[in-house]
Amino acid sequence: MENLGKLILRLSVGGLMLFHGVQKLLDGIGGVKFLIVKTGLPEMLSYGVYLGELIAPLLLLLGTYTRVSGLIIALTMLVSIPAAYPDGIFHLNEYGGLAIELNAMYLFGGLAVMFLGSGKYKLIKQNGFWKE
């Protein structure tokens with residue numbers, strides 16, 4: 001059952017994050033660039049969104065380099081939270097939840113994948129770097 005739980009976690013974090021990456025692939029990253037520059041970070045950092053929201057989720061779905069992919073997703077969220085929510089992390093949205101709740105779910109989901117690994121259900125077996 002543990003391996004099934006890891007699979008469900010990987011598919012949910014990777015699959016749902018992939019939608020964000022595909023949207024940026026189709027529509028561009030102009031909004032991300034604006035937020036990154038507004039935060040005072042270099043504009044070039046905004047291209048990392050393709051790694052964190054497209055490549056890493058695909059690797060999670062395949063079950064390879066899952067620990068690294070989970071870390072990349074978590075780091076992407078650590079950059080996105082202050083960029084998208086400059087007023088702070090404890091502001092509430094119109095429904096009474098934390099404004100950063102989606103980003104926080106991806107952050108902690110990515111960390112969970114990083115610590116747990118892929119489990120035995122994966123399409124590509126990995127040898128070498130940060131082996132599962």
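From a predicted model like this one, the values you see are computed outputs, not experimental measurements. Numbering of residues starts from 1 in each chain and follows the order in which that chain's sequence is written. Reporting in this predicted model follows two pLDDT cut-offs: at least 70 for local features of residues, and 80 or more for side-chain atom pairs to be given and counted; totals over whole chains, interfaces and linings ignore these cut-offs and use all residues. Only hydrogens and water are set aside; all other atoms, that is, all heavy atoms of the structure, feed into the side-chain values.

Q: What's the story with the nonpolar core in this structure? I'm lost.
A: Judged by nonpolar contacts, the single largest core of 13 residues is most densely connected at Met17, Leu60, Ile73, Met77, Tyr106 and Leu107. Among the buried residues, those of types Ala, Val, Leu, Ile, Met, Phe, Trp, Tyr and Cys that are joined through side-chain atoms within 4.5 Å form a nonpolar core. To sort residues, take the accessible area from a 1.4 Å probe on protein chains only and compare it with the maximum for the residue type: under 20% means buried, over 50% means exposed, and anything in between is partly exposed. Judged by nonpolar contacts, the second largest core, of five residues, contains Val32, Ile36, Val49 and Ala83.

Q: Which parts of the structure should I look at to understand the UniProt feature "transmembrane region" (unreviewed entry) in the protein?
A: UniProt positions are given in the numbering used here, feature names are shortened, and annotations may be inferred rather than shown by experiment. On the UniProt side, "transmembrane region" (unreviewed entry) is annotated at positions that read residues 7–25, 45–63, 68–85 and 97–117 here. What you have in residues 45–63 is 79% helix and 0% strand, and the ends, taken at the C-alpha atoms, are 26 Å apart. The distance from the first to the last C-alpha atom of residues 68–85 is 26 Å, and the span holds 94% helix and 0% strand. A run of H or I in DSSP counts as a helix once it spans at least four residues, and a run of E counts as a strand once it spans at least two, with each numbered from the N terminus.

Q: Just to check I follow, could you spell out helix α1 (residues 2–27) for this structure?
A: For an α-helix, 3.6 residues make a turn, and residues three or four places apart therefore share a direction. To estimate the expected span of a helix, subtract one from its residue number and multiply by 1.5 Å. In this model, α1 (26 residues) spans 38 Å end to end at C-alpha, consistent with the 38 Å of a helix rising 1.5 Å per residue. Among the residues of α1, those classed as buried are Lys6, Arg10, Val13, Gly14, Gly15, Met17, Leu18, Gly21 and Lys24. In what follows, residue pairs with any heavy atoms lying within 4.5 Å of each other are defined as contacts. Looking at the packing, one finds that the buried side of α1 touches α2 (30–39), α3 (48–62), α4 (66–84) and α5 (101–116). Of the residues trailing α1, glycine 28 is marked for its positive phi of about 90 degrees.

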